[in-house]
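# A look at the structure
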Amino acid sequence: MTLEQNRNEEESVQAGDAEIPVLGLGTSPMRGETCASVVHEALEIGYRHIDTAQGYDNEEAVGEGIAHSHVPHDAIFITTKVRPQWLSDGRLQESLQESLSKLRVDQVDLALIHWPNPDIPIAETIGALCDARRRGLARHIGVSNFTIALLDEAVAAASEPLAAEQLEYHPFIDQTRILNRIRTHGLTIIAYCPLARGRVVGDPEIERIAESHGKTAAQVTLRWLIQQGDVSAIPKTSRPDRLRENFAVHHFVLSDDEMVQMSRHMSRGLRLVNELRLVNEANWVQAWDQ
């Protein structure tokens, strides 16, 4: 990819008729006025993709930040995720109605199943999610933290197109197998923990690549992700300077060699979601794809 091609590149990734901005703001674990202020600041900087979830307990704060922004609602791509406890038919739709009220919108742009629930059949969950899309509660639908087998089952059960899978993806984890399956199904990839919770900072090889471009390790890592062409990244930060830093990744490109060098880190097998243990949600997946 040349610099001129990069200047002309789309700032969104596409799956079917879903266009998802390549850079978004992750909002966990921010809450209250801090969350609302950060969402407002991010929109002023230029972010157009805001990611939240019922399990983050911050949808109201996200809605407040959006409401106080000068950016029109129809220019903002809003993602929320349904709690694994609420995946049964009927409860899923009700929960999304509650999310819309908290977010102060008529529909979200993307509704995801946050975690699979082994006690509720995938067919029932996906059927309810598809029904929610038909009702207009969400423009697009998808899944999060699904393994290859569960993704295959979800796609087979879907009567409406699935647009995306959100999963942990950064230079220190090899997600090749599940990424290939996501791509085979024609879905977009949304990377959470894209900066490995700050671990990319100080890594000698990433820092060397960053220095050669006059950029930071975080910027180079986000560039590596979005330069793959079908990946959207949702870094999270509450600091305005970091918000600006993370957003400034559109005016340089990594060489093919640098892309390969970044990918070499994946052999470390660092799965951070197992450390988060947010309300025990990491326990919803018992066996990850290796």
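Below or above, wherever it landed, is the structure these notes cover. Within any chain, residue numbers begin from 1 and follow the written order of that chain's sequence. The predicted nature of this model means local features are confined to residues of pLDDT at least 70 and side-chain atom pairs, given and counted, to a pLDDT of 80 or more, with totals for whole chains, interfaces and linings taken over all residues. Side-chain measures were taken over the full set of non-hydrogen atoms in the model, leaving aside hydrogen atoms and water.

One finds Leu 92 and Tyr 169 to be the most contacted residues of the largest nonpolar core, which totals 92 residues. Note on definitions: a residue-residue contact is assigned when non-hydrogen atoms from the two residues lie within 4.5 Å. What Leu 92 contacts, discounting residues up to four positions off in sequence, is Val 82, Trp 86, Leu 87, Ile 113, Thr 125, Ala 128, Leu 129 and Ala 132. Nonpolar core, defined: a set of buried Ala, Val, Leu, Ile, Met, Phe, Trp, Tyr and Cys residues in which side-chain atoms within 4.5 Å join the residues together. Working definition: with a 1.4 Å probe on protein chains only, accessible area under 20% of the residue-type maximum means buried, over 50% means exposed, and in between means partly exposed.

What follows is about the pairing of strand S8 (residues 162–168). Working note: regular strand, side chains alternate between the two faces of the sheet. Strands are runs of DSSP state E lasting at least 2 residues, helices are runs of H or I lasting at least 4, and numbering of each runs from the N terminus. For S8, the buried fraction is high: 7 of the 7 residues fall into the buried class. Each pair of strands is called paired provided DSSP finds at least two bridges between the two strands. Two elements, strand S7 (residues 138–144) and S8, share 4 bridges in a ladder whose sense is parallel. Its bridge partner being in S8, Ile 141 is matched across the sheet by Leu 162. On the question of chirality, the crossover connecting S7 to the parallel S8 by way of helix H6 (residues 148–157) is right-handed. Here a crossover is taken to be right-handed if, once the strands point away from the viewer, the path from the first strand over the helix to the second is traced clockwise.

Before going further, it helps to spend a moment on the pattern of salt bridges. One side-chain nitrogen of Lys or Arg within 4 Å of one carboxyl oxygen of Asp or Glu is enough to make a salt bridge. Counted under the stated rule, the structure contains 13 salt bridges. Among the salt bridges present, the one from Glu 245 reaches Arg 242, with a minimum N-O distance of 3.7 Å. Taken together, the residues span about one helical turn, with Glu 245 and Arg 242 both in helix H10 (residues 240–247) at a distance of 3 residues. Through salt bridges with shared partners, one network takes in Arg 91, Glu 94 and Glu 98.

On to the packing of aromatic side chains, then. Note on aromatic pairs: the rings of Phe, Tyr and Trp (six-membered ring only in Trp) are paired at centre separations within 6.5 Å, and the planes decide the class, stacked below 30 degrees, edge-to-face beyond 60, tilted for the rest. Under the criterion given, the structure shown has 3 aromatic pairs. Aromatic side chains Tyr 47 and Phe 247 sit 4.8 Å apart centroid to centroid with 40° between the ring planes, which places their arrangement in the tilted category. With Tyr 47 in the loop between helix H2 (32–45) and strand S4 (49–51) and Phe 247 in helix H10, this residue pair connects regions lying 200 residues apart in the sequence. Classification of Tyr 47 as buried rests on a relative accessible area of 1%. Both rings, one in Trp 115 and one in Trp 288, keep their centres 5.9 Å apart while their planes meet at 65°; by these two values the pair is edge-to-face. With a gap of 173 residues between them, Trp 115 in the loop between strand S6 (108–113) and helix H5 (122–134) and Trp 288 in the segment after helix H12 (273–276) connect regions that are remote in the sequence. In terms of burial, Trp 115 and Trp 288 fall into one category: buried. We count a charge as sitting over a ring when the NZ of a lysine or the CZ of an arginine lies within 6 Å of the ring centre and within 35 degrees of the ring normal. Just above the ring of Trp 86 sits the side chain of Arg 83; from NZ or CZ to the centre is 5.2 Å. The ring of Trp 86 carries the charged tip of Arg 91 above its face, separated from the ring centre by 4.3 Å.

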